[in-house]
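Analysis of the macromolecular model
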Amino acid sequence: MNAIEASHLIKRFGSVTAVNDVSLTVCEGEIFGFLGPNGTGKTTTMRQLTGVLTPDSGAVRINGIDIHRHPLEAKMQMGVIPENSTVYGDLSAEQNLSLSGQMYGMPRADRDKRIDEFFSRMGLSEKRKLPVRGFSKGMKQRVSIACAIIHRPPLLLLDEPTSGLDVQSRRLVIDTIRDMNEQGSTIFLTTHNIEEANTLCQTVCILNKGKIVAQDSPERLKKMFNTTQSVEVSFDRPVTRDLFAAEGILRAESCGDKWKIFTDNPDQVLKYLVGRAERESITITSLTTSGPSLEEAFVRITECA
Ligand SMILES: Nc1ncnc2c1ncn2[C@@H]1O[C@H](COP(=O)(O)OP(=O)(O)OP(=O)(O)O)[C@@H](O)[C@H]1O
Ligand SMILES: [Mg+2]
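What you are looking at is a predicted structure, and each value in this text was computed from that prediction instead of being measured.

Mapped onto the fold, threonine 162 is located in the loop between β7 (155-159) and α6 (167-182). A relative accessible area of 8% means that threonine 162 is categorised as buried. For threonine 162, the contacting residues outside a window of four places in its chain are Arg170, Val173, Ile174 and Glu196.

A word on the side chain of lysine 42. Considering the arrangement of structural elements, one finds lysine 42 in helix α1 (residues 42-49). Buried charge without a salt bridge: lysine 42, with glutamate 160 as the nearest opposite-charge side chain at an N-O distance of 5.1 Å. Polar side-chain contacts of lysine 42 include one of 3.0 Å to the backbone oxygen of proline 37. When neighbours within four sequence positions are excluded, lysine 42 is seen to be in contact with Phe34, Leu35, Gly36, Pro37, Thr190, His192 and Leu207.

On to the pairing of β7, then. For β7, the buried fraction is high: five of the five residues fall into the buried class. Across the two faces of β7 the burial is the same, with Leu155, Leu157 and Asp159 and Leu156 and Leu158 all buried. Looking at chain direction, strand β6 (residues 78-81) and β7 are connected through four bridges and run parallel. Of the residues in β7, the one forming a bridge with glycine 79 is leucine 156. Pairing of β7 with strand β8 (residues 186-190) involves five bridges; the strand directions are parallel. Across the sheet, leucine 155 pairs through a bridge with threonine 186, a residue of β8. Assessed by its sense of winding, the connection that carries the chain from β7 through α6 to β8 is right-handed.

What counts, and at which threshold
- Residues numbered from 1 in each chain as written.
- Chains lettered and ligands numbered in written order.
- Predicted model: local features only at pLDDT ≥ 70, side-chain atom pairs only at ≥ 80, totals over all residues.
- Heavy atoms only, no water.
- Helix = DSSP H or I, 4+ residues; strand = E, 2+ residues; numbered from the N terminus.
- Buried < 20%, exposed > 50% of the residue type's maximum accessible area, 1.4 Å probe, protein only.
- Contact = heavy atoms within 4.5 Å.
- Lys, Arg positive; Asp, Glu negative; His and termini not counted.
- Salt bridge = Lys/Arg side-chain N within 4 Å of Asp/Glu carboxyl O.
- Polar contact = N/O pair within 3.5 Å; in protein donor to acceptor, adjacent residues only side chain to side chain.
- Pairing = 2+ DSSP bridges.
- Right-handed = clockwise from strand over helix to strand, strands pointing away.

Quick look at the structure:
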């Protein structure tokens, strides 16, 4: 059975059609990445999948259960981490978890055991009795995730769970997602972090202007544009963009102290860069070539759609 089946979802807000005939299937056990530019309808779609928002038309089934006909039954199957944290500021971290466990009907002993597990794992032990209101964004997000998975849901839906988090918090969130998945949960993940989607997801679905424009494995999406590769180069002194106006260079982006050059012909670009640097007495301090990236596929797909 599929974990999520959404068919022909449409949602309008006044004259804006936020979600325009979206159908998607998330297979049981997979990590499904949901990507798309800002304002393209990802959150609106996810809110319909989780039963927060009723679609104007279309249907959603969670493990075969129609969420609009049997909302409670469907919602018991899932853990949800929405775009904005929904933890209760006046309650302590521990009370938030306990409340969430109670709402999912967990017996007290089971709940207490799970709560202890979380605090030892999430590194918030010394704060468990403090009101969440005083927590930082990353700490709140940890509590929010713990609340959503306390009942070990077979399906976990997350809307940009790592946005704005530091490296440690981000890793903790990613590790939690991986662990849940290894223990059998299906994951629906909305993210702007393409590298995250690339390394975590079996399937990536790209939404643009309310419509699905691509859906496949990261590797197959990259192969759609497998002619484009990139060369990353840095020099011992600043150079201007004019340096990259040469045959074979499709696009050059300045990335911090490096330049990223997109090309169909890395050999031609490497020879050009070496020759030009030599003529102008510039030292190349680093040079790497990479295969096609999911980011490039994403940009091309959303540009041409
Ligand atoms: N409650 C609402 N009322 C009116 N318009 C809305 C509402 N929710 C979303 N929209 C509109 O629907 C469109 C899609 O918004 P949505 O939040 O789903 O995008 P998103 O893909 O999640 O964007 P982001 O990457 O910025 O989170 C936008 O044009 C937004 O302004
Ligand atoms: Mg959103």
